[in-house]
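Structure assessment
Here's the letter readout for the chains.
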Amino acid sequence: MTNVIPQALGLNVNGVYHRYTIEKDPTTDSVVKICNENPNGNGCTYLLVDDWSQEPGSTKIGYDPVSILGELLGKGSITVTGDGTITESIIHYDYVYDTCDDPLNDPRCPNYESALLQYLMDNGLLDDPDVTDPYLNEYVQMQLDRKTEQEEEDGNKEEIAEEEETEEETLQEQLAVGGATEKIANAAEQAAIMLALSQATNLGAYYAQDIQGGEYKENIILKDNEIVDNKKALRSLASDRKHREIVRSQYK
Amino acid sequence: MKKFLATTALVIMGTSAAYANNTNIQGNVQSRCSIVTETSGVYGNPTADKLTTVAADAGVLPIIRVDVIQADSYKVKISWPDSFSSSPTLTDSVVWTGEVEVSAVSDANMSSYETNKVEYENDTEFDLVLSGSTWFKVTSTALYGSTKSFPGGVYTAIVTSECIPK
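In what follows, the accompanying structure is described. (Residues numbered from 1 in each chain as written. Chains lettered and ligands numbered in written order. Predicted model: local features only at pLDDT ≥ 70, side-chain atom pairs only at ≥ 80, totals over all residues.)

Turning our attention to the overall build of chain B. Across its full length, chain B carries 2 helices and 9 strands. Burial analysis of chain B (166 residues in total) assigns 24% to the buried set. Here the analysis covers contacts within chain B between residues at least 6 apart in sequence; of these, 73% occur between residues at least 24 apart. (Helix = DSSP H or I, 4+ residues; strand = E, 2+ residues; numbered from the N terminus. Buried ≥ 20, exposed ≤ 12 C-beta atoms within 10 Å, placed from the backbone. Contact = placed C-beta atoms within 7 Å.)

What follows concerns the sheet that holds strand β4 (residues 74-79) of chain B. Residues and elements named next belong to chain B. If you trace the 4 strands from one edge of the open sheet to the other, you get β6-β7-β4-β9, paired in antiparallel fashion. Of all strands in the sheet, those bounded by a partner on one side alone are β6 (118-120) and β9 (160-165). With direction set aside, neighbouring strand axes in the sheet form an average angle of 20 degrees. Relative to strand β7 (residues 123-128), β4 runs antiparallel, the two sharing 6 bridges. Directly across from Ser79, in β7, lies its bridge partner Asp123. (Pairing = 2+ DSSP bridges. Axes fitted to C-alpha atoms, helices over the stretch in contact; angles between N-to-C directions.)

Residues and elements named next belong to chain A. The antiparallel open sheet is built from 3 strands, whose spatial order is β3-β2-β5. Each edge of the open sheet carries a strand with a single partner, namely β3 (44-51) and β5 (76-82). Taken pair by pair, the neighbouring strands of this sheet meet at an average axis angle of 15 degrees, ignoring direction. Where strand β2 (residues 30-37) and β5 come together, 7 bridges link them in antiparallel fashion. Across the sheet, residue Cys35 finds its bridge partner in β5, namely Ser77.

All names here are of chain B. By the element assignment, Ser106 lies in the loop between β5 (94-105) and α2 (112-115). With 18 C-beta atoms packed within 10 Å, Ser106 lands in the partly exposed category. Residues Ser106 and Leu130, spaced 24 residues apart in sequence, show a C-alpha to C-alpha distance of 9.8 Å.

Residue and element names in this part refer to chain B. One non-glycine residue, Asp72, lies in the positive phi region at around 55 degrees. Mapped onto the elements, Asp72 comes out in the loop between β3 (63-68) and β4. Exposure remark for Asp72: the 12 C-beta atoms within 10 Å place this residue in the exposed category. Even without a glycine there, the phi angle at Glu121 is positive, about 45 degrees. For Glu121, the location among the structural elements is in the loop between β6 and β7.

Let us look at the nonpolar core. Inside soluble globular proteins, nonpolar side chains tend to come together where they are buried. Grouped together as the largest cluster of nonpolar side chains are 20 residues, with contacts concentrated most on Val66, Val76, Ile78, Leu128, Phe136 and Val138 of chain B. Contributing elements (two or more residues each) for this core: β3, β4, β5, β7 and β8 (132-144) of chain B. For this core, the element with the highest residue contribution is β5 of chain B, accounting for 4 residues. Other than its neighbours up to four places away in sequence, Val66 of chain B contacts Cys33, Ile35, Val76, Leu128, Thr134 and Phe136 of chain B. Counting residues in each nonpolar core, the second largest holds 6 residues, with Ile5, Val13, Val16 and Tyr46 of chain A among its members. (Core = buried A, V, L, I, M, F, W, Y, C linked by C-beta atoms within 7 Å.)

Tallying the contact residues gives 11 residues for chain A and 12 residues for chain B. Counting only elements with at least two residues in the side of chain A that touches chain B, the list comes to β3 and β4 (59-69) of chain A. Ranked by residues supplied to the side of chain A that touches chain B, first place goes to β4 of chain A with 4 residues. Grouping the amino acids of the side of chain A that touches chain B by side-chain chemistry returns 3 nonpolar, 4 polar and 4 charged. (Nonpolar A, V, L, I, M, F, W, Y, C, P; charged D, E, K, R; others polar.)

Here we take up the pairing of β7 of chain B. Here β7 of chain B shows a clear split, with Thr124, Phe126 and Leu128 of chain B buried on one side and none of Asp123, Glu125 and Asp127 of chain B buried on the other. What sits between β6 of chain B and β7 of chain B in their antiparallel hairpin is a turn of 2 residues, with Glu121 of chain B showing a positive phi close to 45 degrees.

Quick look at the structure:
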């Protein structure tokens, strides 16, 4: 039972609940002590004594109203002197504490702002940053490097975009049909086009080609008189047949 | 005129004093012994013909707390049940057994209550010689007929406790 009570400022114990079972001979003497040592000295800050002498064992339940500062309750113990064995022992402490005893515990506590300011000042958290701090310089340089890299990256992107635009224009020019409409609208040009299309005689060479025709006779001669059976195929047929028999045998 | 009025008043007063009168005296006595059910019991059904509050048979022992704020002024009488307060229709007899024991005490000297208890029929009396709280546990067992099975349904029995002024 060490440090069973929170180490909160201003904690006050209002009561101690205990429950234990003592097994003993009704004709013997025994004394049970529940103690919380005094951390600042000797003895017990809290002490409860139950005298079970010449009494049969039983389960004891009790609540002892007290008023003790939590910081004065040290290591706890439950001991039996004389005959008897303690089992199923439970000790509960009923305590209260002011959560605003330390204003930093809750922003709603009065004087929270002043306490927080004092805490920050005490821990040097409000002092100006040390400009000679090598880590600070390193951090600034890292940010500058990052900015430069970003600018270079942006510049490259712009160049690539310009090149793409140039290529697109060239391709457009290549695919352009500019001037064709003028040729079509011109009567002389139309006549020339029609003349070119009507040059049917130029195709005559293709129509005039003859292909060698006639009768195509069999020219393959089998030299062997006997055609040998494919043994592999026969073996395969045999195994197929056997398989078929096995399958069929299941339905007989 | 003043004299007349005074005489009249005397006559009236004299007339009033001549009748009988009853004056009530009222007082409240607050009991210094109180009984609280801390745990309701539950019957376990280990065999078809048996109902019991024993924990080993899946029952729950009822726990009764008796608080006394004035020492050596009360006895408490606790009776284990000898009949069902509600149950399905039973056609055979039920054999009842039970026991009342001190379960826990708030003062070490109360542990002698258990050895000094007086038992008769299904009643147990404890002499509450000390102020404080005492917890009692009640064991109750019901056996039906000659190993006959209990009909299905809900069975309820009541433990009665009473503070008796000494």
